[in-house]
Amino acid sequence: MIDVKNLHKSFGNHEVLKGVNEHIEKGEKVVVIGPSGSGKSTFLRCLNLLEEPTGGEIIFEGQNITAKDTDINLVRRRMGMVFQQFNLFPHLTVRENIKLAPVKLKVMTDEEADKRALELLARVGLPDKADSYPAQLSGGQQQRIAIARALAMNPDVMLFDEPTSALDPEMVGEVLEIMKELADDGMTMVVVTHEMGFAREVATRVLFMDGGNIVEQNEPKEFFANPQHPRLKDFLSKVL
Amino acid sequence: MNGITMDQWLKMVPDSVVNLPEGLRNLLFQLYQTFIAADRWKWFLNGLKITFAVTIGALILGVIIGLLIAVVRTAHDSRRMGKSNIILSILNAVCKLYLTVIRGTPMMVQLLIMGFVIMVPKDDTARLVCGIVTLGINSGAYVAEIVRGGLMSVNPGQMEAGRSLGLNYAQTMRLIVIPQAIKNILPALGNEMITLLKDTSLVSVIALRDVTKQAQNIVSNTYQAYVPYVSLAIIYLVLVIILTKLLGIFERRLRESDRR
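Thresholds, definitions, all that
Residues numbered from 1 in each chain as written. Chains lettered and ligands numbered in written order. Predicted model: local features only at pLDDT ≥ 70, side-chain atom pairs only at ≥ 80, totals over all residues. Heavy atoms only, no water. UniProt positions renumbered as here; feature names shortened; annotations may be inferred. Buried < 20%, exposed > 50% of the residue type's maximum accessible area, 1.4 Å probe, protein only. Helix = DSSP H or I, 4+ residues; strand = E, 2+ residues; numbered from the N terminus. Pairing = 2+ DSSP bridges. Axes fitted to C-alpha atoms, helices over the stretch in contact; angles between N-to-C directions. Contact = heavy atoms within 4.5 Å. Salt bridge = Lys/Arg side-chain N within 4 Å of Asp/Glu carboxyl O.

Under an unreviewed UniProt entry, the name given to chain A is Amino acid ABC transporter ATP-binding protein, and the source organism is Agathobaculum butyriciproducens. In UniProt, chain A has this text filed under Subcellular location (unreviewed entry): "Cell membrane". Checking UniProt for chain A, the heading Sequence similarities (unreviewed entry) contains the comment "Belongs to the ABC transporter superfamily."

J.: Mind laying out the pairing of strand β9 (residues 205–210) of chain A, listing which residues take part and the relevant values?
T.: Regular strands place side chains that alternate from one sheet face to the opposite one. All names here are of chain A. Of all six residues in β9, six are buried; the element is thus mostly enclosed. Burial along β9 is two-sided: the residues Arg-205, Leu-207 and Met-209 and Val-206, Phe-208 and Asp-210 are all buried. In this sheet, β9 lies alongside strand β3 (residues 29–33) in parallel orientation, the contact comprising four bridges. Paired with Val-31 across the two strands is Val-206, which belongs to β9. As defined by bridge partners, β9 adjoins strand β10 (residues 213–218) across five bridges and the pair is classed as antiparallel. The residue bridging Phe-208 from the neighbouring strand is Glu-216, located in β10. The antiparallel pairing of β9 with β10 creates a hairpin that spans two residues between the two strands, and Gly-211 there sits at a positive phi of about 60 degrees.

J.: Mind laying out the sheet that holds β9(A), listing which residues take part and the relevant values?
T.: Residue and element names in this part refer to chain A. A sheet is described by the order of its strands in space; here six strands give the open sequence β6-β7-β8-β3-β9-β10, paired in mixed fashion. Single-partner strands in this sheet number two, and they are β6 (79–82) and β10. Taking each pair of neighbouring strands and ignoring which way they run, the sheet shows an average axis angle of 20 degrees. Judged from the five bridges that link them, strand β7 (residues 157–161) and strand β8 (residues 188–192) form a sheet pairing that is parallel. What sits directly across from Leu-159, in β8, is Val-190. Strand contacts of helix α5 (residues 139–151): β6 and β7, with the helix running at about 170 degrees to β6, the strand carrying the most contacts.

J.: Lay out the environment of Leu100(A) with the relevant residues and their values.
T.: In this fold, Leu100(A) is placed in helix α3 (residues 94–104). Among the residues examined, Leu100(A) registers a relative accessible area of 9% and is labelled buried. Each C-alpha atom of the pair Leu100(A) and Phe43(A) lies 27 Å from the other, and the pair is 57 residues apart in sequence. Ignoring sequence-local partners within four residues, the contact set of Leu100(A) consists of Phe89(A), Leu92(A), Leu167(B), Leu175(B) and Ile176(B).

J.: Tell me about the UniProt feature "domain: ABC transporter" (unreviewed entry) in chain A, and please be specific about residues and values.
T.: In this structure's numbering, the residues bearing the UniProt feature "domain: ABC transporter" (unreviewed entry) are residues 2–236 of chain A. Taken end to end, residues 2–236 of chain A is 37% helix and 26% strand, and its first and last C-alpha atoms sit 27 Å apart.

J.: I'd love a proper account of the side chain of Thr51(B), names of residues and values included.
T.: In this fold, Thr51(B) is placed in helix α4 (residues 41–77). Among residues more than four places away in sequence, those in contact with Thr51(B) are Leu197(B), Thr200(B), Asp210(B) and Val211(B).

J.: Got a sec to walk through the pattern of salt bridges? Specific residues and values, please.
T.: All names here are of chain A. If you walk through the whole model with that rule in mind, you get 22 salt bridges over all chains. Ionic pairing is found between Lys-99 and Asp-110, a salt bridge with its closest N-O pair at 3.4 Å. Note that Lys-99 is positioned in helix α3 and Asp-110 in helix α4 (residues 110–123), a separation of 11 residues in sequence. For Lys-99, a relative accessible area of 12% corresponds to the buried category. The salt bridge partner of Lys-238 is Asp-234, with a shortest N-O separation of 3.1 Å. In this pair, Lys-238 and Asp-234 both sit in helix α9 (residues 230–239), four residues apart, roughly one turn of the helix. With a relative accessible area of 63%, Lys-238 lands in the exposed category. Connected via shared salt-bridge partners are Arg-95, Lys-99, Asp-110, Asp-114 and Asp-131.

J.: I'd like a description of the sheet that holds strand β2 (residues 14–24) of chain A, backed by residues and values.
T.: Residue and element names in this part refer to chain A. Pairing is antiparallel in the open sheet, where four strands are placed in the order β2-β1-β4-β5. Two strands lie at the open edges of the sheet, namely β2 and β5 (63–64), each paired on one side alone. As defined by bridge partners, strand β1 (residues 2–11) adjoins strand β4 (residues 55–60) across five bridges and the pair is classed as antiparallel. Its bridge partner being in β4, Val-4 is matched across the sheet by Ile-58. In this fold helix α1 (residues 40–47) packs onto β1, β2 and β4, with an angle of close to 120 degrees to the strand it touches most, β1.

Have a look at this one:
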């Protein structure tokens, strides 16, 4: 589904990604972990070109999205993204937040989008918040709405950029729960996170990034029980 | 056109006025001369129409120019490193030149140049257009910087969230960033509106008969400056107070979504 070939990304003289190669299958739940500054967020943000790679290729559903003639806006419709800081639109109600993209991009009529919004709100457990403004919600609720908003476009893959890192500890669970349900429904997911429990429980594969590259990957059980690379051993000893 | 003399006036008014202390009587006579004689209140009214026309016209033009420039400048500044766009760079250079020239020269000088060098209007309508265009161009430069500040004050995550949903740059700007920026720029924009309203008093130099020009005409007809000019000040003051109140109401309505 997603093929990453020799992906490079530099900010000025600072090289963040140093030739990442990765293949993600449909239905996989890939969790990316690593120390800060290892390039994991940049890697994720390159997948939908929020960061423009300085080198390499990304093939998504058979289409080279790094090619010059690709309409990235059309590609992004099929990739939902959830941010660390939620990034809900504060001037719109929850319902309007969810409906905005499907209606403005004319993939749904207003009624269809309304129905979809209520459906998604029920799914993330907030059916009564449709007409609230984001500022009236807790962090956990906002992040659940952000997930609903990303799902509104019916994406083929969901990208999560540290979705629980900005939350108070007691709200982390509710967001992870929604993500777990999403995984159980068969959604393809790429998740950058520090939640090792989530990685262990939900991931089909865990990637460890360090110094701008993926240095080790494995299915979760083996990954945590039997790390090979010294950097990973060191990292796990600090976080577990 | 000079109206009447004090003596003629005293014969017209009731005795109770004639018997007033001299200072007060003088004031009443001046008020009569300024507003009632020769229907001069109509002069003020006609002047106000021009003042409003110039203010509103220049405001609309200024906001359009300001918004366009702000978007160009913001798009240019938020461009990804290493990615250059020739057209955007040229537009940005033009915008910067415009900002430098307009903000670097006095409004009065701009009016003189537009009125007597560039546009040289021959009739009233042309003069009105000239006034609106000059003030609009001037205001646009200030609005541009206000709007740019407002756009930059919106969290970059908002742009990313919009783009990640598949909206293009223009849609994200229009639907997500600008509506939020407006809330932040409204106080400064209101300030600019007030400045603009008062700056319209300068259009008299291109022979546009705004309310200030009319007051000057009354002074040159009655040889009395006190009441016409003080009245003029009060007119501007009242207009500004009304404008301030309206902006306050508008601002409160925009802030509704912030309420918890």
